[in-house]
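So the chains spell out like this:
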There are 2 protein chains.
Amino acid sequence: MFYIIGLGLSDEKDVTVRGLEAIKNSTRVYLEAYTSILMVQKDRLEAFYGKELILADRDTVETQSDEILHNADKEDVSLLVVGDPFGATTHTDIILRARALKIPTQVIHNASIMNAVGASGLQLYNFGQTVSLVFFTETWKPDSFYDRIKENADLGLHTLVLLDIKVKEQSDENLARGRKIYEPPRYMSIPLAVSQLVEIESLRVTGTLDPEKTLAVALSRVGGGDGHQRIVAGTLQELLDHPKEAYGEPLHSLIIVGKRLHHLEVDYAEEFAINRNTWRAVARDVYACSLD
Amino acid sequence: MFYIIGLGLSDEKDVTVRGLEAIKNSTRVYLEAYTSILMVQKDRLEAFYGKELILADRDTVETQSDEILHNADKEDVSLLVVGDPFGATTHTDIILRARALKIPTQVIHNASIMNAVGASGLQLYNFGQTVSLVFFTETWKPDSFYDRIKENADLGLHTLVLLDIKVKEQSDENLARGRKIYEPPRYMSIPLAVSQLVEIESLRVTGTLDPEKTLAVALSRVGGGDGHQRIVAGTLQELLDHPKEAYGEPLHSLIIVGKRLHHLEVDYAEEFAINRNTWRAVARDVYACSLD
């Protein structure tokens with residue numbers, strides 16, 4: 001059996017009991033190490049599982065899936081992924097490959113940011129499509145995310161914005177010279193994300209992402225328990241001005257709040273507000289939320 | 001500490017290791033028994049956890065939350081919910097109440113249908129807002145879900161439709177007489193759900209839910225492993241004509257496929273198609289998907 005096992009959001013104890021059993025029964029266990037990151041290191045996972053983990057980078061999962069799937073029709077092989085197995089396209093690829101090789105596959109689900117985002121107090125029913133925001137460069141500023149956020153905003157819906165991660169990237173020079181030397185991992189911070197949003201707003205000028213009038217919620221390490229999880233709410237401008245360190249460690253995500261905002265959502269997320277007065281005032285005056 | 005612990009989607013082994021530890025350390029453990037159902041009975045959970053479970057129905061969680069929260073500032077108390085704790089509004093209510101009482105709270109996340117729906121092969125990025133569909137009666141046919149599905153469809157997005165559950169409902173007579181006698185639980189079937197969708201389409205006539213031209217995917221017991229999980233794909237008419245038993249046991253959910261459909265999504269879900277030829281033909285001709 002080929003297992004694809006979601007590890008959840010935080011550390012080694014977020015695996016499910018079903019997932020842990022599958023890991024312990026597997027002859028080979030791969031840890032997918034690029035679409036997201038856990039908050040713990042490989043050796044801590046290995047100690048907890050009592051298993052050696054084989055790191056599977058992008059190359060391995062995308063182009064050498066047959067190596068991972070080798071013999072999985074005769075013995076148990078597991079591929080561990082952070083969050084839920086269906087967060088990233090690449091896992092459907094390897095399942096399709098397993099199907100073609102007639103290898104039985106079982107997916108073991110877990111929490112991912114796609115549902116744990118409810119920790120913000122914003123209702124999952126009120127979210128539209130999820131978007132990704134990539135690091136801008138001087139010459140490359142892809143802005144299709146803006147249209148998606150506007151589509152959601154026009155319907156009054158919230159948008160979950162997933163922030164870019166650069167893991168195992170090569171510099172242009174190392175790439176050109178074929179040197180497998182990798183840059184340190186980079187994770188987009190909340191202030192950088194907001195500055196990119198505001199930059200595109202300044203070009204499009206539709207008012208969808210008004211620094212003073214658009215509310216947003218920043219999330220860090222959701223599910224990480226005390227001392228890890230951070231949730232910060234405010235206007236885009238407040239989030240931009242807030243010290244980077246106050247958002248905690250990566251990974252970060254950002255929610256753009258839609259106009260269908262309910263007063264219970266306002267009450268719940270107020271706990272996380274940089275400035276409770278601004279939070280409530282904008283919710284009342286701009287979002288037309290009925291508040292006491 | 002007050003813990004709200006997601007149990008995941010299927011059975012007793014879907015709890016996370018972190019969740020299981022919290023349960024074992026709790027002096028009282030409540031099992032929320034109305035917003036959704038697990039596939040296993042209470043006694044099986046109790047045997048696995050080594051703990052007695054106190055059933056908490058709607059009354060208890062919504063109006064008697066202080067009973068659940070009693071002493072949770074001095075000892076550990078857990079409330080177990082199917083899926084993830086932020087699937088239903090009621091859990092934010094009890095967290096707000098705990099906050100008011102200054103009781104520390106920790107949420108332990110898990111998979112829910114909101115992210116496990118990726119098992120269909122449809123990409124989570126391509127989903128719009130989620131809607132709920134309630135049982136129609138002769139005199140009450142609330143149809144606001146239709147507007148939501150149309151909003152999503154107009155953007156080319158998929159819609160997850162959650163089907164109604166009636167648990168612990170009283171008949172009009174028993175309610176009038178104040179008799180606490182409850183009807184057997186009812187779960188909306190896929191053919192009934194589709195017939196309700198088509199009924200509203202016949203009144204609105206926008207073409208959003210065309211029986212022959214709209215693709216949909218039915219899900220049952222996602223994450224339940226072999227012999228439990230069922231996924232069935234086809235046009236609305238095919239799903240309507242398919243035998244009710246073929247969908248497996250409740251709970252069921254339904255996805256209305258949006259026009260932004262990608263050919264990889266078509267390939268993946270083809271495995272679940274009632275008729276592969278129809279599936280591909282509609283994807284190509286109506287959804288304008290580039291297929292080989």
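As annotated in an unreviewed UniProt entry, chain A carries the name diphthine methyl ester synthase and comes from Asterophora parasitica. The annotation that UniProt attaches to chain A under Pathway (unreviewed entry) is "Protein modification; peptidyl-diphthamide biosynthesis." Quoted straight from UniProt, the Function (unreviewed entry) entry for chain A says "S-adenosyl-L-methionine-dependent methyltransferase that catalyzes four methylations of the modified target histidine residue in translation elongation factor 2 (EF-2), to form an intermediate called diphthine methyl ester. The four successive methylation reactions represent the second step of diphthamide biosynthesis."

Novice: Pulling in residues and values, what's your account of the sheet that holds strand β3 (residues 54-56) of chain B?
Specialist: Residues and elements named next belong to chain B. Judged by pairing direction, the sheet is parallel, and its five strands sit side by side in the order β3-β2-β4-β1-β5 without closing on themselves. Two strands in the sheet have a free side with no partner beyond their single neighbour: β3 and β5 (105-108). Averaged over all neighbouring strand pairs, the angle between strand axes comes to 25°, with direction disregarded. Pairing of strand β1 (residues 2-6) with strand β4 (residues 77-81), which is carried by five bridges, proceeds in the parallel orientation. Bridge assignment links Y3 to a residue of β4, and that residue is S78.

Novice: Describe the UniProt feature "binding site: S-adenosyl-L-methionine" (unreviewed entry) in chain A, and please don't skip the residues or the numbers.
Specialist: Residues and elements named next belong to chain A. With numbering aligned to this structure, UniProt lists the feature "binding site: S-adenosyl-L-methionine" (unreviewed entry) at L9, D84, G87, S112, I113, L163, V222 and H252. Tracing the backbone shows L9 in the loop between β1 (2-6) and α1 (17-24). Looking at the secondary structure, you find I113 in helix α6 (residues 113-116). For I113, the residues in contact, after removing those within four places along its chain, are L9, L160, L162, V222 and S253.

Novice: Could you give an account of the relation of the copies chain B and chain A, with specific residues and numbers?
Specialist: Overlay of chain B on chain A (RMSD 0.0 Å): rotation 180°, translation along the axis 0.0 Å. When the rotation and shift are considered jointly, the pair of chain copies conforms to a two-fold rotation axis. Interface overlap between copies is the fraction of interface residues in one copy that are interface residues in the other; for chain B against chain A it reaches 100%, indicating a shared surface.

Novice: Can you tell me about the pattern of salt bridges, naming the residues and giving the values?
Specialist: For the structure shown, the criterion picks out 46 salt bridges over all chains. Residue R284(A) pairs with D285(A) through a salt bridge whose shortest N-O separation is 3.1 Å. Given the relative accessible area of 55%, D285(A) is considered exposed. Connected through shared salt-bridge partners, R99(A), D267(B), E270(B), E271(B), R276(B) and R280(B) make up one network.

Novice: Residues and numbers for the confidence of the model for chain A, please.
Specialist: In this model, chain A carries an average pLDDT of 91, and 96% of its residues clear a pLDDT of 70 or more. Taken together, the chains of this predicted complex give a pTM of 0.94 and an interface ipTM of 0.92.

Novice: Give me the sheet that holds strand β12 (residues 252-256) of chain B: which residues, what numbers.
Specialist: Residue and element names in this part refer to chain B. Strand order across the open sheet formed by five strands is β6-β7-β12-β10-β11, with mixed pairing between neighbours. Each edge of the open sheet is held by one strand with a lone partner, namely β6 (131-133) and β11 (230-235). Put simply, the sheet's adjacent strands are angled 25° from each other on average, direction ignored. In terms of strand pairing, strand β10 (residues 215-220) meets β11 through six bridges, oriented antiparallel. For A216, the partnering residue across the bridge sits in β11 and is G234. With respect to the sheet, helix α12 (residues 276-285) is in contact with β10 and β11, its orientation differing from that of β10 by roughly 135°.

Cut-offs and rules
- Residues numbered from 1 in each chain as written.
- Chains lettered and ligands numbered in written order.
- Predicted model: local features only at pLDDT ≥ 70, side-chain atom pairs only at ≥ 80, totals over all residues.
- Heavy atoms only, no water.
- UniProt positions renumbered as here; feature names shortened; annotations may be inferred.
- Pairing = 2+ DSSP bridges.
- Helix = DSSP H or I, 4+ residues; strand = E, 2+ residues; numbered from the N terminus.
- Axes fitted to C-alpha atoms, helices over the stretch in contact; angles between N-to-C directions.
- Contact = heavy atoms within 4.5 Å.
- Least-squares fit on C-alpha atoms with pLDDT ≥ 70 in both.
- Salt bridge = Lys/Arg side-chain N within 4 Å of Asp/Glu carboxyl O.
- Buried < 20%, exposed > 50% of the residue type's maximum accessible area, 1.4 Å probe, protein only.
- pLDDT = per-residue confidence, 0-100.

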